Amino acid sequence: MITANQLRAARALAGLDQKELALMAGVSLPTIQRMESSEGIVRGVIDTLNKVIDALDRAGIELISDHAASQGSGRGVRLREAKRP
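Figured I'd write up the structure that's included with this text. The shown structure was predicted, so the numbers you read here are calculated from the model rather than taken from an experiment.

**Regarding the environment of Gly44**
- Counting through the fold element by element, Gly44 comes out in the loop between helix 3 (29-37) and helix 4 (46-58).
- With a relative accessible area of 45%, Gly44 lands in the partly exposed category.
- Residues Gly44 and Thr31 lie 13 residues apart in sequence; the distance between their C-alpha atoms is 9.1 Å.

Encoded structure:
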């Protein structure tokens, strides 16, 4: 599963705009726009989600699930739950 925020962040880290990601994934630009504007977890056709995730992987992006360890090396960013005062 991937969230809309995670998708936008991953695309930004890869230095891709929405059109470039759509081309790399073989999906339409409106599909990427819809995915990125959704609330929470991105919903859609599993094959389409896999294409986008594969394209991000080819661009050097490792998507990390909640409570999962990173499998790769290199620099990155990970979102954690914010500390409450």
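**As for the pattern of salt bridges**
- One pass over the structure, following the stated rule, counts two salt bridges.
- The closest approach of N and O atoms between Glu36 and Arg11, which form a salt bridge, is 2.5 Å. Taken together, the positions of Glu36 in helix 3 and Arg11 in helix 1 (residues 4-14) put the pair 25 residues apart, joining distant regions of the chain. Both residues of the pair, Glu36 and Arg11, belong to the buried class.
- Its salt-bridge partner being Asp47, residue Lys51 comes within 3.7 Å of it at the nearest N-O pair. Of the two residues, Lys51 and Asp47 are both situated in helix 4; the distance of four residues between them amounts to about one turn of the helix.

Parameters and conventions
Residues numbered from 1 in each chain as written. Predicted model: local features only at pLDDT ≥ 70, side-chain atom pairs only at ≥ 80, totals over all residues. Heavy atoms only, no water. Helix = DSSP H or I, 4+ residues; strand = E, 2+ residues; numbered from the N terminus. Buried < 20%, exposed > 50% of the residue type's maximum accessible area, 1.4 Å probe, protein only. Salt bridge = Lys/Arg side-chain N within 4 Å of Asp/Glu carboxyl O.

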